[in-house]
Amino acid sequence: MGIPSRMQDRRLVLSKLKQANYATLVSDANLILGKGIPVNAPLFAHPQTTHRDNLAQSMKLHDFPTADGHLITERNIQDELSCDGDTWLLGWFFALAMGKVTSVQPNAAGNPTAWRHTNKPQDPATDGKDLPVTTIYREWADLAAAKGRIHSCHVASVKLAFPPSGVVQVSGSIVGSGQETTGALATPPALLTQQLLQSNDMQFLRGTQGAPTDISSRLVRGSLSFDFTWQFDQENARVPGGGLYMSRAWVGVPVLTMSWQEFVDDTDVTVHTNYLTPPATREEVKVIVNGATIGAGPEKQSLELRVLAAYPQIGGKSQAGDKTIYPFSVGRAEAFKEGANDVCTVIVQNTETSYLV
């Protein structure tokens, strides 16, 4: 054979920009201004085809399908993107997954390179039903036909994991329209200089809304996880005249899930009592992970998860090593909407000026 293709020599390029609409790609000029991304597993984004055949038809005078009955009816692209928890990537994932982001300078005069991006689920009533989509460039071999732009990609779900004494992990399900345009990207951008967040710098807070208590010492290391999805409306993604490909990405139902474990305190049964007879007020659950200082400071590269009005569910007690633990979870039925307050926000602080625009 010729030269085997090595994934270490391939590229993945992401842009902070969303497409102007589902049919209009992010331009090559803007992709070149994007970021080269290191990944924990290759993103092939291999098109999957759905076929029709006439195997079940009768009166063909034989039991086999015929070539004229074999047709491609759909083409789909779906893959998993898994990365270390760099703050630029965290901003990218959550802006696309949640659909709405606001970017501000927390200290414009003293530290103008620091930007704070607040992500929250878009409101279909005011923000529309269309999820933001972007264009992704990827390579899987050193041939023009194996390099190309994946059209109209959205982040169907995003997941955070916080391994013990490790780097925060982020992954997401990437769904494209099924269409790609092949050809190499001229002058691809340089590899992203990562600003990684580590689980051992995490603070975990739970309690009074607006002033939750830091209970990090009670958290079982590695037990925290967070997921968000819009449950993409796959059924209505295709329209007459769209050919083999999807033509839109509509929101479905927003679902967030946070789970964690806490050690049982030998001297305190408050947790057990509260969840047998829930208190009248809801709790705030908050996670903060700080990284390196940005510029002159005091702002830092950071991630903040916040569920403002939660009623965490406690499962049956179990054992971790020789310790007794409480398992907690907050799902769609336990994260409440209270007036105009946000249900959930994911705030990322870094040096990027904006996302989606």
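Note that the structure is predicted; figures quoted are calculated from it, not measured.

The rules behind each value
Residues numbered from 1 in each chain as written. Predicted model: local features only at pLDDT ≥ 70, side-chain atom pairs only at ≥ 80, totals over all residues. Heavy atoms only, no water. Helix = DSSP H or I, 4+ residues; strand = E, 2+ residues; numbered from the N terminus. Buried < 20%, exposed > 50% of the residue type's maximum accessible area, 1.4 Å probe, protein only. Polar contact = N/O pair within 3.5 Å; in protein donor to acceptor, adjacent residues only side chain to side chain. Contact = heavy atoms within 4.5 Å. Core = buried A, V, L, I, M, F, W, Y, C linked by side-chain atoms within 4.5 Å. Expected span 1.5 Å × (residues − 1). Disulfide = S-S within 2.5 Å.

Asker: Just to check I follow, could you spell out the side chain of His 151 for this structure?
Answerer: Within the fold, His 151 resides in strand β8 (residues 147–161). Looking at His 151, the relative accessible area reads 9%, which means it is buried. Within the structure, the side chain of His 151 is placed 2.7 Å from the side chain of Thr 181, a separation counted as a polar contact. The contacts of His 151, once residues within four sequence positions are left out, are Gln 19, Leu 25, Thr 134, Gly 176, Ser 177, Gln 179, Glu 180 and Thr 181.

Asker: Just checking my understanding: could you explain the nonpolar core for this structure?
Answerer: Side chains of a nonpolar character, in soluble globular proteins, are inclined to be buried together. Ranked by internal contacts, the top residues of the largest apolar core, which has 70 residues, are Trp 92 and Leu 160. With 10 residues, helix α2 (residues 87–98) is the single largest residue contributor to this core. If near-sequence neighbours (up to four positions away) are discounted, Leu 160 is found in contact with Leu 90, Phe 94, Val 168, Gln 169, Val 170, Leu 224, Ser 225, Phe 226, Leu 303 and Leu 305. Ranked by size, the runner-up nonpolar core spans 5 residues in total, among them Val 26, Leu 31, Tyr 137 and Leu 185.

Asker: Can you help me understand α2 in this one?
Answerer: An α-helix turns once per 3.6 residues; consequently, residues spaced three or four apart project the same way. Over its 12 residues, α2 extends 16 Å from the first C-alpha to the last, a length consistent with the 16 Å expected when each residue adds 1.5 Å. Here α2 lies mainly inside the structure; 12 of its 12 residues are buried. Turning to α2, its buried residues number three or more, namely Thr 87, Trp 88, Leu 89, Leu 90, Gly 91, Trp 92, Phe 93, Phe 94, Ala 95, Leu 96, Ala 97 and Met 98. Looking at where α2 begins, the residue whose side-chain oxygen comes 3.0 Å from the main-chain nitrogen of Trp 88 is Asp 86. Once α2 finishes, Gly 99 follows within two positions and takes phi at roughly 100°, a positive value.

Asker: Looking at this structure, how should I read unusual backbone geometry?
Answerer: Keep in mind that most residues, glycine aside, have a negative phi and that most peptide bonds are trans. Residue Gly 297 is joined to Pro 298 through a cis peptide bond whose omega torsion reads 5°. Position of Pro 298 among the secondary structure elements: in the loop between β15 (283–293) and β16 (300–310). With a phi close to 65°, Met 59 is a non-glycine residue in the positive phi region. Structurally, Met 59 can be placed in the loop between β3 (48–52) and β4 (71–84). You can call Met 59 exposed: its relative accessible area is 80%. Phi at Ser 152 is positive, roughly 50°, even though this residue is not glycine. For Ser 152, the position within the fold is in strand β8.

Asker: What should I look at first to understand the state of the cysteines in this one?
Answerer: One pass over the full model with this rule turns up 0 disulfides. You can see Cys 153 has no disulfide; the closest cysteine sulfur is in Cys 83, sitting 14 Å from it.

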